[in-house]
Amino acid sequence: MEPMVLLNALVTRLLFALHSLIGVWRVTAVKKEPKYWLLALLNLLLCLETGLTLKFKQGRGYKWFSPAIFLYLICTVPSLWLLEIHHGTQYCSNEPGAVQVNVSNQDFNQSRDSTHGSEGIDHHIIQTAKVFVNQLSRICETVWTLALHQTFLLLLVVGRWLLPIGAEITRDQLSQLLLMFVGTAADILEFASETLDIEDVRKNYALINAILAVWTWSMLQFPLDLAVQHIGCKPTTSTKRIPSLLLCRYSAELWNIGVSLFIQDGPFFIVRSILMGHFRIFNQMLVFFTAKNILVVTLQLYRLAVISLDFRATLLQKSRKEVSCCPCEPYKASTHATTDQDNELKDFVAFPPKEEPQAPSEDP
């Protein structure tokens, strides 16, 4: 196993586990119940996946699916759900979004003075760490939750970049996938933050659950690499199996269209339409992003129509070439209108008349 492959595989999964533990710590601090530390046991699945990947895949990834990204979602999403649902994370005690922390270095200076001379540098570092953790604990819960959302999406992109790739995916395909993930992560973060920050939404428990369910559903596209990989048509694929032929030729394009319609822009548009139509919630950003979702869905449907027409034209052109290249087709077409004269000609060619013997000529 290559040392760099092993290092990337271990460091990436370590970052995933560390971020997941921070989320569990915040849930335990907010709920003030130690039983929520049991969520940290989900990281055992990530450890198990790490061992199996190192043993059977030499640390490299799979073709169309990333188990490490999927397990990272399983370890982190429950903590974010609990933080969003908890009533204490909905508002800050003072101004919205304000950081409840004293930015002065008074606590750090006191800790340094108390440990100067009499105690060693190790104790000073421990005291400084305690003060730093205490300062972090004073940050408004809304800021903490938003920061966890942001770092979660950033780690999904960076982690996919750091994870060793398999032999089935190229560097070019990986770069395309990462660029798509950046745009996708920005849209998902905007959807979660923009809808959950609405005051009327925060008052409706069922609506919060519905928004989080759609948010979780949209996150399932990150473990899959189908957006840049074509299935490829086998040489024996027949033109009579049109759905299979269409799927193998345009697999990446169809996957992107399906993700937009059924996983991301389509569900986002439905949620925002319900907010505006049923709950009468209106603001400038909500209307703008709803119009954006309508535009994206319309363009994806237009793209699907273009692919269908192009595929139909390709099939027609291929069928015409097959007809023109077949030597027996003109003969079959002419046999339907054969005349008696043609039949006689065929018989004549098949059974030529025998020549009569000539009488010997007499010499004078």
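Small disclaimer: the values here were computed from a predicted structure and weren't measured.

**Q** How do you make sense of the overall build of the protein when you look at a structure like this?
**A** Scanning the protein from N- to C-terminus turns up 15 helices and zero strands. Every one of the 364 residues in the protein was classed for burial, and the buried ones make up 35%. Within the protein, contacts between residues at least 6 apart in sequence are counted, and of these 75% link residues at least 24 apart. Carbon and sulfur atoms form 65% of the exposed surface of the protein, whose accessible area is close to 22,400 Å².

**Q** What am I meant to see in the pattern of salt bridges here?
**A** Note on pairing: side chains with opposite charge can pair once their charged atoms come close. A complete count under the given rule lists 10 salt bridges for this structure. In this structure, Arg26 and Glu141 form a salt bridge, with 2.4 Å as the shortest nitrogen-oxygen distance. With a gap of 115 residues between them, Arg26 in helix α1 (residues 3-31) and Glu141 in helix α6 (residues 141-162) connect regions that are remote in the sequence. The salt bridge partner of Arg202 is Glu84, with a shortest N-O separation of 2.7 Å. Of this pair, Arg202 sits in helix α8 (residues 199-202) while Glu84 sits in helix α3 (residues 67-85), and the two are 118 residues apart along the sequence. Side by side, Arg202 and Glu84 carry an identical accessibility label, which is buried.

**Q** Looking at this structure, how should I read helix α9 (residues 205-219)?
**A** The periodicity of an α-helix, 3.6 residues per turn, causes residues three or four positions apart to be oriented the same way. Here α9 spans 21 Å end to end across 15 residues, near enough to the 21 Å set by a 1.5 Å rise per residue. Inspection of α9 places Leu207, Ile208, Ile211, Leu212, Val214, Trp215, Ser218 and Met219 among the buried residues, and these make up the whole buried set. Across the axial projection of α9, the buried residues extend over an arc of 160 degrees, all falling on one side. Residues Tyr205 and Ala206 are exposed on α9 and point more than 90 degrees away from its buried face. Looking at the packing, one finds that the buried side of α9 touches α3, α6, α7 (171-196), α8 and α12 (265-277). The backbone nitrogen of Ala206 has a side-chain oxygen 3.2 Å away, supplied by the residue at the start of α9, namely Asn204.

**Q** Just to check I follow, could you spell out a nonpolar patch on the surface for this structure?
**A** A grouping of Met4, Leu7, Val11, Leu15, Val158 and Leu162 is seen on the molecular surface, where their side chains present a nonpolar patch of about 470 Å² in accessible area. Listed by contribution, the elements that provide at least two residues to the nonpolar patch are α1 and α6. Here the nonpolar patch takes four residues from α1, the largest share from any one element. Structurally, Leu15 is set in helix α1.

**Q** Explanation requested: the layout of surface pockets in the structure shown.
**A** Empty space among the atoms becomes apparent when a probe as large as a water molecule is rolled across them. The calculated volume of the second largest pocket comes to roughly 310 Å³. As for the second largest pocket, its lining consists of 17 residues, of which Met180, Thr184, Asn256, Val259 and Gln264 are closest to the centre. Looking at the lining of the second largest pocket, the elements that each hand over two or more residues are α7, α11 (251-262) and α13 (284-325). The dominant element in the lining of the second largest pocket, judged by the number of residues it contributes, is α7, at six residues. The residue makeup of the lining of the second largest pocket, split by class, is eight nonpolar, seven polar and two charged. When residues of the lining of the second largest pocket are sorted by domain, at least three fall in each of domain 1 (1-89 + 140-226) and domain 2 (229-323).

Each value, and the rule that gives it
- Residues numbered from 1 in each chain as written.
- Predicted model: local features only at pLDDT ≥ 70, side-chain atom pairs only at ≥ 80, totals over all residues.
- Heavy atoms only, no water.
- Helix = DSSP H or I, 4+ residues; strand = E, 2+ residues; numbered from the N terminus.
- Buried < 20%, exposed > 50% of the residue type's maximum accessible area, 1.4 Å probe, protein only.
- Contact = heavy atoms within 4.5 Å.
- Areas by Shrake-Rupley, 256 points an atom, 1.4 Å probe, with all protein chains shown as cover.
- Salt bridge = Lys/Arg side-chain N within 4 Å of Asp/Glu carboxyl O.
- Expected span 1.5 Å × (residues − 1).
- Arc of directions from axis to C-beta.
- Polar contact = N/O pair within 3.5 Å; in protein donor to acceptor, adjacent residues only side chain to side chain.
- Patch = residues over 30% accessible without salt bridge, like charges linked within 9 Å, V, L, I, M, F, W, Y side chains within 5 Å.
- 1 Å grid on protein atoms, 1.4 Å probe; cavity = no way out; pocket = protein on both sides within 12 Å on 5 of 7 lines; lining within 4 Å.
- Points joined across faces, edges and corners; volume = space filled by probe spheres on them.
- Nonpolar A, V, L, I, M, F, W, Y, C, P; charged D, E, K, R; others polar.
- Domains from an automatic or database assignment.

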